[in-house]
Amino acid sequence: MIEYYLHLNALTDAPDDCIAKPSPIGVLTREDLIKECCAEGTGITPYEAESMFKRIETVVTENLEKGYSINTPLLNISPSITGVFTNWDDSFDGSRHKLRFKSSPGVLLKAVADSSKLHKIDRKKSIIDIYSFTDHSIGQETNSLLPNGVGELKGKRLKMDTSDENQGIFLFAEDGTEYRVAVYVTNTDSTQIFQIPELTAGNYELQVRCIAKNNKKLTIGYYDKTLSVK
């Protein structure tokens, strides 16, 4: 059962238009998945599961680096290049162009999407409160994102362990692509100042994920407004 909630759609003129957002019941890490693989009755040991995960990760990354695309029943991965080339003779320049890997659901995930049941809920209250987003490249509170610019969040209980890849500020594109902020200038309970990732044009949902003090569970906070890259 996948829960979802509605919030106002800021991209249309109709005052009551809403869009739906899934509300995950939690986040499973790599370690959690390994534990699930070793559940009672499977006959798989933690060592075997860990070794297989590492081998799959190595094989996938090595072959992507060689130039292959990956197509599996779970997901598909292919390279993508962002940035503008000035003419037919222009070549890849790391200061103007970026290589990215895009993922899309394979047949297994598509089947799960078609068969999953949905349940509408009221929006869950989070212990994380996000009040505002400012893009300092623009110089004001805004719904616009400038890739590689400087963003600022104001709120409560925003502090996180940025060395933990499961925590941080995340931006989600409409196609499900996830971007995690890598560079943080200020990391406090009330303020987050950070470098906006290299994003393609489109709309994004912003999340803050952290483990609060004296708590072992990952908490997700949502910014109410949709952010856009023109």
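As the structure is a prediction and not an experimental result, all values here were calculated from the model. (Residues numbered from 1 in each chain as written. Predicted model: local features only at pLDDT ≥ 70, side-chain atom pairs only at ≥ 80, totals over all residues. Heavy atoms only, no water.)

Describing the overall build of the protein
Next up, step 1: Along its length, the protein carries three helices and 16 strands.
Next up, step 2: A buried classification covers 30% of the 230 residues belonging to the protein.
Next up, step 3: Put simply, 56% of the contacts in the protein that link residues at least 6 apart link residues at least 24 apart.
Next up, step 4: Distance from the positive charge centre (27 side chains) to the negative charge centre (32 side chains) of the protein: 4 Å. (Helix = DSSP H or I, 4+ residues; strand = E, 2+ residues; numbered from the N terminus. Buried < 20%, exposed > 50% of the residue type's maximum accessible area, 1.4 Å probe, protein only. Contact = heavy atoms within 4.5 Å. Lys, Arg positive; Asp, Glu negative; His and termini not counted. Charge placed at Lys NZ, Arg CZ, Asp CG, Glu CD.)

Here we look at unusual backbone geometry
Next up, step 1: For asparagine 148, which is not a glycine, the phi torsion comes out positive at approximately 70 degrees.
Next up, step 2: Within the element layout of this structure, asparagine 148 appears in the loop between β8 (140-141) and β9 (150-156).
Next up, step 3: Given a relative accessible area of 41%, asparagine 148 falls into the partly exposed group.
Next up, step 4: Of note, arginine 157 is a non-glycine position whose phi angle comes to about 60 degrees, a positive value.
Next up, step 5: Among the structural elements, arginine 157 can be located in the loop between β9 and β10 (168-173).

Some details on the confidence of the model for the protein
Next up, step 1: Mean pLDDT over the protein: 89, with 97% of residues reaching 70 or higher.
Next up, step 2: Within the protein, β8 has the poorest average pLDDT of any element, 76, and strand β3 (residues 70-71) the best, 96. (pLDDT = per-residue confidence, 0-100.)

Some points on the side chain of threonine 177
Next up, step 1: Along the chain, the position of threonine 177 falls in the loop between β10 and β11 (178-180).
Next up, step 2: A polar contact is formed between the side chain of threonine 177 and the side chain of aspartate 175, at a distance of 2.8 Å.
Next up, step 3: Ignoring anything within four residues of it in the chain, the contact list for threonine 177 reads Leu171 and Phe172. (Polar contact = N/O pair within 3.5 Å; in protein donor to acceptor, adjacent residues only side chain to side chain.)

Regarding the sheet that holds β8
Next up, step 1: Read from one edge of the open sheet, five strands run β8-β7-β9-β13-β12, paired in antiparallel fashion. Of all strands in the sheet, those with a lone pairing partner are β8 and β12 (184-187), marking the two edges.
Next up, step 2: Alignment of strand β7 (residues 129-135) against β9, held across six bridges, turns out to be antiparallel. Of the residues in β9, the one forming a bridge with phenylalanine 133 is leucine 153. (Pairing = 2+ DSSP bridges.)

Brief notes about the packing of aromatic side chains
Next up, step 1: Using the criterion set out here, one finds four aromatic pairs in the structure.
Next up, step 2: On the numbers, 5.9 Å between centres and 70 degrees between planes, the contact of tyrosine 5 with tyrosine 222 is edge-to-face. Placement of tyrosine 5 in strand β1 (residues 2-8) and of tyrosine 222 in strand β15 (residues 219-222) is noted, with a sequence separation of 217 residues between them.
Next up, step 3: Judged by relative accessible area, tyrosine 5 falls into the buried class, the value being 2%. (Phe/Tyr/Trp six-rings, centres within 6.5 Å; stacked < 30°, edge-to-face > 60°.)

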